[in-house]
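Each chain, written out:
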Amino acid sequence: MKDSGNIDPRNKLNTLTGKEWIRFTKSWFIADGKPSDISREIDLHPASFPPSMIEDFIKFFTKPGEYVLDPFLGTGSTLVACENSGREGLGIELYSKYAKTAKSRTKFPVLEGDLRKILPTLENELYSLCITSPPYWSILKKKKDYNQQERLDKGLDLQYGHNSSDLGMIEDKKEFLQELVSIFCTIQTLLTRGGHLIVFIQNVRDKGEMIPLAFELPLHLKKWYVFLGEKIWLQNQKTLRPYGYPYSFVSNVHHHFALIFKKRE
Ligand SMILES: C[S@@+](CC[C@H](N)C(=O)[O-])C[C@H]1O[C@@H](n2cnc3c(N)ncnc32)[C@H](O)[C@@H]1O
């Protein structure tokens, strides 16, 4: 395809050229995080994502100056990506320790507390994009593997904390999904017309069975969002562990789903 480097005048979504647009539509990508992305403070958090990866999504789903929301902010990677790409950002994080790290990384507002109380106070129809990664159910609480032992040895957090408002503390899967659905339903009202929601999530293993959270969520959000598809984030530098060997197949899950939704009008 010929790419003149111009933005198509019909393109109301972003400021990408045709080539850049098409490149992004590939359904998978590899991102391992640059060492410069990871300080000890960021490493303390058990599940942060690389800002450079989020920047690509922000550049596709918004134009410069538009507003981006991350209600499960963690260490603030989304706001760093907003700053690097000239977008406005706002984040919410439950734990002070991570909110403090986020504030040290960005000039944008970081609101501290339970997002379920804060979201209803935000301005409706302001955000062109909500891009976020909720806890993957209570999986960090349940996990007992090689990576956890390594983190323990380094004195890093194994789970976010023990606050009862933490979604990662909910044991019951049905209840967890209901909470997520209700949160994303509230977020729908904060999105602009034609705005997008991107949720990073994984299918998780529990008691020898894979729980397909990434497959279930789009079905539950159907009333409020059109599901546009997924981009699969591959982590190519994670150590392979001998899970299940030599008895049964247990996957080294080195990928996450970025589920892409558009606000239903
Ligand atoms: C998967 S992590 C997000 C990590 C983030 N993307 C980063 O790069 O650092 C999920 C975050 O949601 C936060 N969280 C869980 N329950 C919350 C709640 N009720 N309100 C606000 N934040 C919450 C956790 O503390 C955790 O930092």
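Structure: see above.
Figured I'd write up the structure that's included with this text. Keep in mind the model is a prediction, meaning the values are calculated, not measured.

### Looking at the overall build of the protein chain
- Scanning the protein chain for helices and strands turns up 10 helices and 10 strands.
- Within the protein chain, buried positions represent 34% of all 265 residues.
- Partitioning the intrachain contacts of the protein chain with sequence separation of at least 6 by distance along the chain shows that 66% fall at a separation of at least 24.

### Observations regarding the sheet that holds strand β3 (residues 88-93)
- Ordered in space as β1-β9-β10-β6-β5-β2-β3-β4, the 8 strands form an open sheet in which the pairing is mixed. With one partner strand each, in any of the chains shown, β1 (28-30) and β4 (110-112) form the two edges of the open sheet. Sheet twist, expressed as the mean angle between neighbouring strand axes with direction ignored, is 20°.
- As paired elements, strand β9 (residues 225-234) and strand β10 (residues 255-263) share 9 bridges and run antiparallel to each other. If you follow Phe227 over to β10, its bridge partner there is Phe261.
- Relative to β3, helix α4 (residues 77-85) is tilted by about 175°, and along the sheet it contacts β2 (67-70), β3 and β5 (127-132).

### Looking at the nonpolar core
- If you look at the biggest cluster of nonpolar residues, it comprises 54 residues, and the most contacted ones within it are Ile58, Leu197, Ile201 and Leu259.
- Among residues more than four places away in sequence, those in contact with Ile201 are Pro134, Tyr136, Leu213, Ala214, Leu217, His256, Phe257 and Leu259.

### Focus: the site of the ligand
- As a structural note, the neighbourhood of the ligand is formed by 24 residues, with Ser48, Phe72, Gly74, Ser77 and Leu94 the closest of them.
- The residue makeup of the shell around the ligand, split by class, is 12 nonpolar, 8 polar and 4 charged.

### Describing the pairing of β5
- Along β5, 6 of the 6 residues are buried, which leaves the element largely enclosed by surrounding structure.
- Of the pairings in the sheet, the one linking β2 to β5 comprises 3 bridges and is parallel in character. Paired with Tyr67 across the two strands is Tyr127, which belongs to β5.
- Of the strand pairs in this sheet, β5 and strand β6 (residues 191-201) are connected by 5 bridges, and their pairing is parallel. Residue pairing across strands places Cys130 opposite Leu197, the latter belonging to β6.

### What about unusual backbone geometry?
- Omega for the peptide link from Tyr245 to Pro246 comes to 0°, which places this bond in the cis form.
- With respect to the helices and strands, the residue Pro246 is situated in the loop between β9 and β10.
- Of note, Glu125 is a non-glycine position whose phi angle comes to about 55°, a positive value.
- Residue Glu125 is classed as exposed on the basis of its 12 C-beta neighbours within 10 Å.
- Notably, Lys207 is not glycine yet its phi reads approximately 50°, a positive angle.
- Relative to the elements of secondary structure, Lys207 occurs in the loop between β7 (204-206) and β8 (209-211).

### Quick word on helix α9 (residues 173-190)
- With 18 residues, α9 should cover 26 Å at 1.5 Å per step; its first-to-last C-alpha distance of 26 Å lies within 8% of that length.
- Among the residues of α9, those classed as buried are Phe176, Leu180, Phe184, Ile187 and Leu190. Along the long axis of α9, the arc covered by the buried residues comes to 90°, so they all point the same way. In α9, the exposed positions that point more than 90 degrees away from the buried face belong to Lys174, Glu175 and Ser182.
- Of the surrounding secondary structure, the elements contacted by the buried residues of α9 are β2, β5, β6 and α10 (213-220).

### Side note on the pairing of β3
- For β3, the buried fraction is high: 5 of the 6 residues fall into the buried class.
- Here β2 pairs with β3 via 4 bridges, running parallel. Bridging from a neighbouring strand, Val68 pairs with Gly89 of β3.
- In this fold, β2 hands off to α4, which returns the chain to β3; that crossover is right-handed.
- In this sheet, β4 lies alongside β3 in parallel orientation, the contact comprising 3 bridges.

Reading the values: the criteria
Residues numbered from 1 in each chain as written. Predicted model: local features only at pLDDT ≥ 70, side-chain atom pairs only at ≥ 80, totals over all residues. Helix = DSSP H or I, 4+ residues; strand = E, 2+ residues; numbered from the N terminus. Buried ≥ 20, exposed ≤ 12 C-beta atoms within 10 Å, placed from the backbone. Contact = placed C-beta atoms within 7 Å. Pairing = 2+ DSSP bridges. Axes fitted to C-alpha atoms, helices over the stretch in contact; angles between N-to-C directions. Core = buried A, V, L, I, M, F, W, Y, C linked by C-beta atoms within 7 Å. Near = placed C-beta within 6 Å. Nonpolar A, V, L, I, M, F, W, Y, C, P; charged D, E, K, R; others polar. Expected span 1.5 Å × (residues − 1). Arc of directions from axis to C-beta. Right-handed = clockwise from strand over helix to strand, strands pointing away.

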